[in-house]
Amino acid sequence: MYPKLEINIPKLKENLKAISTLLKKENLSLTMVTKAYCADEYIVSELSKTGLIDYLADSRVENLKNFQKINIPKILLRIPMISEVSDLIDYVDISFNSEYETIKKINEEAKKKDKVHRIVIMVDLGDLREGFFEEKDLFENIEKIKKLENINIIGLATNLTCYGAVLPSEENLSKLVSIAEKLKLEYKLNIQMISGGNSSSLFLINQGKLPKNINNLRIGEAILLGRETAYGSKIDGTYDDAFKLICEIVENKKKVSVPIGEQGMDAFGNKPVFVDKGFMQRAILGIGRQDVAIDSMYPVDELIEIIGASSDHTIVDITNSQKKYVVGDKIEFKLGYSGIMSASTSKYVKKQYLD
Ligand SMILES: *Cc1c(COP(=O)(O)O)cnc(C)c1O
């Protein structure tokens, strides 16, 4: 059945091993982030068998619910919604937090269930997504949170290179470390985790610039695509094609390259511009924007070019390919992060695992 997302488990395991080796050298624990592939249970259970993962993390409680059989602590990355606090206590071991009101609700719910819920405090170092921004506000809230009996503050974390594209640096991460020191010494908190970011923090390891008290990183993309995400450099010993999308040709015809007739708007309300390349061999694939982020797929046959897509059709120029394609043939694509994310989410894309 096509379109098909082919997931190569041995390649993912190799990627995980390479990242784990990198982190172990620096005594960093590894949080594996599973949200990009909808926390697919088979992938996660296979990767868990390597014994290289210290924590499993996702942004959604419903994804973490799937991992109940896996004996690795589960972290909720996204600041919890007050409306999901009950499930949070049941299915999540550690949650990232930045709002006192929410933490208070977690405390109440944890008390009802006779549990202690562990939290990590998020600090915003300038990327301007989640986290306490002003130190004064942070420490005032810590005072209040400390009084909540069913809450245990176990760590500090920051997230960078997401909204604001701010790079991690020795300077901004040292600030996280100094806040953690203050929480240990002045606030007598048992801070076990200082989590210094995501796949964009990996380059600091090679440069020897990751502050040494940082003891955890949360890695999603680097395991999937074998690259750090600050500059996009490949990590040794990894693969970039553990995920491949395979699509079927439904039409294959020679046509001109510029549409004929008076031009209005395309399927998405845009006015496209065309370059006249003369006649082309154009193949239509049975996949479209409903299934995958077209801008995040890359033909394995580099002589093929994607020239456009609507909701259910993708048009590729196969004029220069060495292979003579016919209707029914399959064309393979590597995927970027949003390609993996969208294809994993579409109910129209079938998953196949290679073991
Ligand atoms: C998504 C996410 C990560 C993982 O990011 P990658 O770039 O995929 O490594 C880590 N931390 C938080 C808070 C996230 O939301």
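Please read all numbers here as calculations on a predicted model, not as lab measurements.

Draft legend 1. How the structure looks around the side chain of Asn63. Relative to the assigned elements, Asn63 resides in helix H3 (residues 61-65). The exposure class assigned to Asn63 is buried, which follows from its relative accessible area of 13%.

Draft legend 2. Representation of the domain arrangement of the protein chain within the structure. With domains assigned, the protein chain is organised as domain 1 (9-225) and domain 2 (243-354). Each of domain 1 and domain 2 has a C-alpha centre, and the two are 37 Å apart. Each partner contributes to the interface: domain 1 provides 13 residues, whereas domain 2 provides 11 residues. Both sides together, the interface formed by domain 1 and domain 2 hides about 1,000 Å², and carbon and sulfur atoms give 68% of it. One can count 1 salt bridge joining domain 1 with domain 2. The residue Lys351 makes a salt bridge to Asp40 at a minimum N-O spacing of 3.3 Å. The interface formed by domain 1 and domain 2 holds 3 residue pairs in polar contact (both at pLDDT 80 or more) in total. When residues of the side of domain 1 that touches domain 2 are traced back to their parent elements, those giving at least two are helix H1 (9-25), helix H2 (41-48) and helix H9 (221-225). Class assignment for the residues of the side of domain 1 that touches domain 2 results in 10 nonpolar, no polar and 3 charged.

Draft legend 3. Seen up close, the environment of Gly131. Relative to the assigned elements, Gly131 resides in the loop between strand E6 (117-123) and helix H6 (135-146). Counting along the chain gives 52 residues from Gly131 to Ile79, while the straight-line C-alpha distance between them is 8.9 Å. What Gly131 contacts, discounting residues up to four positions off in sequence, is Ser98, Met122, Val123 and Asp124.

Draft legend 4. Main features of the packing of H1 against H2. Contact geometry for H1 and H2: axes closest at 10 Å, N-to-C directions at 50°. Comparing the axis directions of H1 and H2 gives the class oblique. Read as a crossing pair, H1 and H2 show a hand that is right-handed. Every residue of H2 that contacts H1 at Ile9, Leu12, Lys13 and Leu16 is listed here: Tyr42, Ile43, Glu46 and Leu47. Grouping the constituent residues of the contact of H1 with H2 by class yields 6 nonpolar, no polar and 2 charged.

Draft legend 5. Highlighting the nonpolar core. Among the nonpolar cores identified, the biggest contains 94 residues, and Leu202, Phe243 and Leu245 are the most heavily contacted of them. Counting the residues that make up this core, at least three belong to each of domain 1 (9-225) and domain 2 (243-354). Excluding anything up to four places from it in sequence, Phe243 contacts Leu5, Glu6, Ile7, Leu12, Tyr37, Ile43, Leu224, Phe333, Lys334, Leu335 and Ile340. Grouped together as the second largest cluster of nonpolar side chains are 13 residues, Ile75, Ile94, Val120 and Met193 included.

Draft legend 6. Inspection of the state of the cysteines at higher detail. All chains considered together, the criterion is met by 0 disulfides. Not engaged in a disulfide, the cysteine Cys38 finds its nearest cysteine sulfur in Cys162; these two sulfurs lie 17 Å apart. For Cys38, a relative accessible area of 29% gives the class partly exposed. We classify Cys162 as partly exposed; its relative accessible area is 38%.

Thresholds applied
- Residues numbered from 1 in each chain as written.
- Predicted model: local features only at pLDDT ≥ 70, side-chain atom pairs only at ≥ 80, totals over all residues.
- Heavy atoms only, no water.
- Helix = DSSP H or I, 4+ residues; strand = E, 2+ residues; numbered from the N terminus.
- Buried < 20%, exposed > 50% of the residue type's maximum accessible area, 1.4 Å probe, protein only.
- Domains from an automatic or database assignment.
- Contact = heavy atoms within 4.5 Å.
- Buried area = accessible area lost by both parts, 1.4 Å probe.
- Salt bridge = Lys/Arg side-chain N within 4 Å of Asp/Glu carboxyl O.
- Polar contact = N/O pair within 3.5 Å; in protein donor to acceptor, adjacent residues only side chain to side chain.
- Nonpolar A, V, L, I, M, F, W, Y, C, P; charged D, E, K, R; others polar.
- Axes fitted to C-alpha atoms, helices over the stretch in contact; angles between N-to-C directions.
- Parallel < 35°, antiparallel > 145°, perpendicular 65-115°, else oblique.
- Left-handed = near helix turned anticlockwise from the far one by under 90°.
- Core = buried A, V, L, I, M, F, W, Y, C linked by side-chain atoms within 4.5 Å.
- Disulfide = S-S within 2.5 Å.

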